[in-house]
Amino acid sequence: MEPMGTHLRRREGLGGEPEERPSGEGNTETHRAPDLVQWTRHMEAVKMQLLEQAQEKLVELLDRAIWEAIQSHPPQDRPLPSPHPAPLSKTQKPSFGRRKVFVVRKSLLDELMEVQHFRTIYHMFIAGLCVFIISTLAIDFIDEGRLVLEFDLLIFSFGQLPLALVTWVPMFLATLLAPYQALRLWARPRAGGAWMLRAVLGCVLLAAHAAVLCVLPIHVAVKHELPPASRCILVFEQVRLLMKSYSFLREAVPGTLRARGREGIWAPSFSSYLYFLFCPTLIYRETYPRTPSVRWNYVAKNFAQALGCVLYACFILGRLCVPIFANMSREPFSTRALLLSIMHATLPGIFMLLLIFFAFLHCWLNAFAEMLRFGDRMFYRDWWNSTSFSNYYRTWNVVVHDWLYSYVYQDGLWLLGGRGRGAAMLGVFLVSAVVHEYIFCFVLGFFYPVMLMLFLVIGGLLNFTMNDRHTGPAWNVLMWTLLFLGQGIQVSLYCQEWYARWHCPLPQVREHNPHPVGSPSPAGHTQ
């Protein structure tokens, strides 16, 4: 029995369970009842909203899984994998890694730009460009009494641009015709000596294609003494077309040889190959996921931003690099001057890195992707959040990383039988470092292996020491610190070498100085 004077009653709680309350709290219960009902309704609404969001996310994940399953479905002539696969024979080699799957997705920066806080960072960079323009106008007005922006450095860098564009035409035509025609020759049924003749002819076509791509741009750049930006266009197109040609043959030849003899001549359609030469990927597929329409305002915006980045880079070089390095090569060398120049070059160096990333990997590739309705816009990942250099190398440039992973790392593992992961990874670093150094040598016109040492030696060591096991903010700070120092070293040493060759040309090239006295110099004045 309950004590005298104590009356307990029950009320419903949030979970619907009865709860005992003393009868003396009746007035409090009367006041709390409306709040309780309102809170219960609010929680029900929140529950429904969460369920709807979870359902939408689940549907999206299932759609993506279905698309990936369709894209990775084996061809009809290849059996489905068994749940209990048989062991490999001694002559068989295992298959490693994954096959690149393309899905419709936006670039990460486009998603981040929808957040107001991130757009503010973008506005800060625009404000910085405005400050550069205003300071240039103010300095020119104070020193020389004029209010006209001069673009001597920009005009010098893009000199003889029409010649570079004309040189690109035979490079593109050779890539368009030779690999595809060679594949068509190999796709014909085997018929004694005739097929052997066609195979040899296909190899001759590929050799001629490689000769045109490798020799023609170098010949034009050296003979006509193209300036850096025009050379940059040629060398990037040279490397891009070579990588695309290899991917096309690497992906199409196995299927073509398997189908030969059973179905007659089989080869990918010419339109798919032509589309591949322009779409922003280095991995060939016959079809890609496509967007429903083209947003031409988005295309114009990205091209305008890319042009703004070029102007930004010219202002940075003209205001932060030229005044420091133009006369440094005339002074005696000292360790103090070298260290100071590296510290001065860290800020413009990291600015140049960010501008190259934003102008090319975001603006330029997204503009072409939009024009071609190319659906997969993951040209990079969140490399700025990396806490290891191994993750940074994977996320900085996904387009090139996919090519290296598919055709250098995976094929290296296939050739080595899975026991040489370290050797395959070293091969990736070696190929990437050599190509990067070749690009610098082509653009600047001299061999100075700063990039080769930083990328292959120091970058390789950092890749194995600063690996994915390290997490936390301190490792991200360390990665950014090393990036600052690395960019400062590159900008400082390459600028010093450029001006040293400018002011003190070697005796054997003095008669062929590409920048004679009186011609416009990179410093924006005449000598």
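- As annotated in an unreviewed UniProt entry, the protein carries the name O-acyltransferase and is attributed to Marmota monax.
- The UniProt entry for the protein carries the following text under Sequence similarities (unreviewed entry): "Belongs to the membrane-bound acyltransferase family. Sterol o-acyltransferase subfamily."
- One UniProt comment on the protein, placed under Subcellular location (unreviewed entry), says "Endoplasmic reticulum membrane".

### Considering the overall build of the protein
Argument step 1. If you tally the helices and strands in the protein, you get 15 helices and two strands.
Argument step 2. The buried share among the 527 residues of the protein stands at 38%.
Argument step 3. The long-range fraction of contacts in the protein, counting pairs at least 24 apart against all pairs at least 6 apart in sequence, stands at 73%.
Argument step 4. Of the roughly 30,700 Å² of accessible surface on the protein, a fraction of 67% belongs to carbon and sulfur atoms.

### Quick look at the pattern of salt bridges
Argument step 1. As enumerated under the stated definition, the model contains nine salt bridges in all.
Argument step 2. The closest approach of N and O atoms between R285 and E251, which form a salt bridge, is 3.5 Å. Residue R285 is located in the loop between α8 (270–278) and α9 (296–325), and its partner E251 is located in helix α7 (residues 228–259); the two are separated by 34 residues in the primary sequence.
Argument step 3. R285 gets classed as buried once you look at its relative accessible area, which sits at 7%.
Argument step 4. A single network of salt bridges, built from pairs that share partners, joins R295, E370 and R377.

### Structural notes on the UniProt feature "transmembrane region" (unreviewed entry) in the protein
Argument step 1. The UniProt feature table records "transmembrane region" (unreviewed entry) at residues 121–142, 154–178, 199–220, 264–283, 303–326, 338–361, 438–462 and 474–495.
Argument step 2. Regarding residues 438–462, the helix share stands at 80% and the strand share at 0%, and the terminal C-alpha atoms are separated by 22 Å.
Argument step 3. Strand forms 0% of residues 474–495 and helix 100%; the C-alpha atoms that close the span are 32 Å apart.

### Considering the side chain of D402
Argument step 1. Within the element layout of this structure, D402 appears in helix α12 (residues 398–416).
Argument step 2. Polar side-chain contacts of D402 include one of 2.9 Å to the side chain of K100.

### Some details on the UniProt feature "active site" (unreviewed entry) in the protein
Argument step 1. Using the residue numbers shown here, the UniProt feature "active site" (unreviewed entry) corresponds to H436.
Argument step 2. You can call H436 partly exposed: its relative accessible area is 29%.
Argument step 3. Once you skip the residues sitting within four places of it in the chain, H436 turns out to touch M451 and F455.

### Examining the confidence of the model for the protein
Any residue range with low pLDDT should be treated as having predicted coordinates unsuitable for detailed reading.
Argument step 1. Taken as a whole, the protein shows an average pLDDT of 78; of its residues, 76% reach a score of 70 or greater.
Argument step 2. Mean pLDDT across the elements of the protein ranges from a minimum in strand β1 (residues 8–12), with 41, to a maximum in α8, with 92.
Argument step 3. Across residues 1–26, where pLDDT falls below 50, the model places 30 contacts with residues more than four positions away in sequence or in other chains.
Argument step 4. Taken together, the stretch residues 70–96 has pLDDT below 50 and engages in 22 contacts with residues farther than four places along the chain or on a different chain.

### Quick look at a nonpolar patch on the surface
Argument step 1. On the surface, L177, F270, L274 and F278 cluster together to form a nonpolar patch covering roughly 320 Å² of accessible area.
Argument step 2. Following the sequence through the fold, F270 ends up in helix α8.
Argument step 3. By relative accessible area, F270 is classed as partly exposed at 33%.

### Focus on the packing of aromatic side chains
Argument step 1. Evaluated as defined, the whole model comprises 44 aromatic pairs.
Argument step 2. When the centroid spacing of 6.0 Å and the interplanar angle of 55° are considered together, the rings of F389 and Y393 count as tilted. In this pair, F389 and Y393 both sit in helix α11 (residues 389–396), four residues apart, roughly one turn of the helix.
Argument step 3. Here a set of aromatic residues connected by ring pairs shows up, and it is made of F357, Y380, W383, W384, F389, Y392, Y393, W396, F429, F455, W480 and F484.
Argument step 4. The residue whose ring lies beneath K100 is F102, and the NZ or CZ to ring-centre distance is 5.3 Å.
Argument step 5. Above the plane of the ring of F276 lies K244, whose end atom (NZ or CZ) is 4.2 Å from the centre.

### Regarding the side chain of T346
Argument step 1. By secondary structure assignment, the location of T346 is in helix α10 (residues 335–371).
Argument step 2. Every residue in contact with T346, bar those within four places of it in the chain, is listed here: F484, L485 and G488.

### Notes on the packing of helix α5 (residues 161–187) against α8
The packing of two helices is summarised by the inter-axis angle and the distance between the axes.
Argument step 1. In contact at an axis separation of 11 Å, α5 and α8 are set at 140° when each is read in the N-to-C sense. Relative to α8, α5 is oriented so that their crossing is right-handed. Where α5 abuts α8, its residues F172, T175, L176, P179 and Y180 lie against F270, Y273, L274, L277 and F278.

### Here's the deal with the environment of A423
Argument step 1. On the secondary structure map, A423 appears in helix α13 (residues 421–444).
Argument step 2. Remark: the alpha-carbon pair of A423 and Y409, spanning 14 residues in sequence, is separated by 8.9 Å.

### Here we look at the nonpolar core
Argument step 1. By size, the foremost hydrophobic cluster in this structure holds 79 residues, and its most contacted members are F248, Y288, F357, F374, Y392 and W403.
Argument step 2. Examining the composition of this core, we find that eleven residues originate from one element, α10, more than from any other.
Argument step 3. Apart from the residues within four sequence positions on either side, F248 is in contact with P179, Y180, L183, V253, P268, Y273, F276 and Y284.

### Let's talk about the environment of R258
Argument step 1. Residue position: R258 is located in helix α7.
Argument step 2. Sequence-wise, R258 and A187 are 71 residues apart; in three dimensions their C-alpha atoms are separated by 9.2 Å.

Analysis parameters
Residues numbered from 1 in each chain as written. Predicted model: local features only at pLDDT ≥ 70, side-chain atom pairs only at ≥ 80, totals over all residues. Heavy atoms only, no water. UniProt positions renumbered as here; feature names shortened; annotations may be inferred. Helix = DSSP H or I, 4+ residues; strand = E, 2+ residues; numbered from the N terminus. Buried < 20%, exposed > 50% of the residue type's maximum accessible area, 1.4 Å probe, protein only. Contact = heavy atoms within 4.5 Å. Areas by Shrake-Rupley, 256 points an atom, 1.4 Å probe, with all protein chains shown as cover. Salt bridge = Lys/Arg side-chain N within 4 Å of Asp/Glu carboxyl O. Polar contact = N/O pair within 3.5 Å; in protein donor to acceptor, adjacent residues only side chain to side chain. pLDDT = per-residue confidence, 0-100. Patch = residues over 30% accessible without salt bridge, like charges linked within 9 Å, V, L, I, M, F, W, Y side chains within 5 Å. Phe/Tyr/Trp six-rings, centres within 6.5 Å; stacked < 30°, edge-to-face > 60°. Lys NZ or Arg CZ within 6 Å of the ring centre and 35° of its normal. Axes fitted to C-alpha atoms, helices over the stretch in contact; angles between N-to-C directions. Left-handed = near helix turned anticlockwise from the far one by under 90°. Core = buried A, V, L, I, M, F, W, Y, C linked by side-chain atoms within 4.5 Å.

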